[in-house]
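Observations on the three-dimensional arrangement
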Amino acid sequence: MVILAGLIIVSYLIFKILRPATFGQPQQVLGYFQQCLIDSVGAVGLYFIIVMGLFDFSIGANCILCAIVGTVCMKNLGMGYGGFLIAPLICGALVGLINGIAYIKLHIPSMIVTTGLALIYESLSYYVSGGIQAFLTKDQTFFGHAPGNLILAVFAFLLSYTILVYTKVGTYAHAIGSNEAVAKNMGINVSKYKVLIFVITGFFDGLMGILAISYGSSMVSVTGMASMGRNFAPTMGCFFGLAFRQFGLPIPTIIVGEFLIQIIYNGFVTLGAPTAIQNVVTGVALLLVVAL
């Protein structure tokens, strides 16, 4: 945690010195933190999958689908804020259930299963939205800024912490990830808990979708695996959690790691670096951090 906090300070100072007028203003830092909260909520859900040694490449597509479903339920179906909150969580959990069952029944790697399903979810989100942009009015974006986003994010972090520390799911996820054969010999129903953990991850994707569309006030359905871009930050946050979990619980590390990602990314944007260079430098920097 201290290492990551130090890296945040160093990264901030470097970009602040290079672009003192356009980087790191208080309002900008708040924006970095708000984006960090969105990715962190997705990451603390994805962590359950990653710790088992699996991957879920459909979280971006699930996030978009959940956001669009919530908006349609609130505006088109007249379900109000209740529909906006409940529908994405149900949608996300159902997508997770489909992912888990498909992974168990097809007997192929999780990254292949979820990549293929992501294409389906992208098409489904396009169908649900009617091919047009889903948007929220200003008075409908309570969860896009404080205190709404903090309330939803803290709920997600506490829920993840509770599952990890106080339930069999958290214990069994680590056991399966450490040695699946031994977990089976201990009497753990591995297939059952893998499906359950995919459902939990999908539930957090729903929360991520609510935060994402509330922050940006709009969401566009995409195709051709364009949703993969939303997978990067949560996945890297999970890697931070795995790399530093020996020093304590992963959730605080994930949050700090996500904030570091936002500092680096926005720093390069401020410098006007080409996207390709941003991706290369950011990727190398993050790999070095995890390796260290």
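Everything numeric in this text was worked out from a predicted model, so none of it was measured. (Residues numbered from 1 in each chain as written. Predicted model: local features only at pLDDT ≥ 70, side-chain atom pairs only at ≥ 80, totals over all residues. Heavy atoms only, no water.)

The topology assignment puts F155 in helix α6 (residues 148-166). Here the alpha-carbon distance between F155 and L207, two residues 52 residues apart in the chain, equals 9.7 Å. For F155, the contacting residues outside a window of four places in its chain are F203 and L207. (Helix = DSSP H or I, 4+ residues; strand = E, 2+ residues; numbered from the N terminus. Contact = heavy atoms within 4.5 Å.)

Before going further, it helps to spend a moment on the nonpolar core. Of all hydrophobic cores here, the largest spans 74 residues; its most connected members are V41, M52 and F157. Ranked by residues supplied to this core, first place goes to helix α9 (residues 190-216) with 13 residues. By size, the runner-up hydrophobic cluster in this structure holds 13 residues, among which are A61, L65, V95 and V113. (Core = buried A, V, L, I, M, F, W, Y, C linked by side-chain atoms within 4.5 Å. Buried < 20%, exposed > 50% of the residue type's maximum accessible area, 1.4 Å probe, protein only.)

With that settled, the discussion passes to the environment of I251. Relative to the helices and strands, I251 is located in helix α11 (residues 250-271). By relative accessible area, which is 7% here, I251 ends up buried. Sequence separation between I251 and G237 is 14 residues; the distance between their C-alpha atoms is 9.4 Å. Ignoring anything within four residues of it in the chain, the contact list for I251 reads V44, F157, S160, Y161 and L164.

Further remarks concern the state of the cysteines. Counting across every chain of the model gives 0 disulfides. Lacking any disulfide linkage, C63 is separated from the closest cysteine sulfur, that of C66, by 7.2 Å. Given a relative accessible area of 0%, C63 falls into the buried group. (Disulfide = S-S within 2.5 Å.)

In this section: unusual backbone geometry. At the junction of A146 and P147, the peptide bond is cis and its omega measures out at 0° in the coordinates. Locating P147 in the fold gives a position in the loop between β1 (134-135) and α6. Of note in this structure, M225 is not a glycine but carries a positive phi near 65°.

With that settled, the discussion passes to helix α4 (residues 80-106). In this model α4 runs 39 Å from its N-terminal to its C-terminal C-alpha over 27 residues, within 8% of the 39 Å that 1.5 Å per residue would give. Remark: H107 follows α4 within two positions and exhibits a positive phi of approximately 60°. (Expected span 1.5 Å × (residues − 1).)

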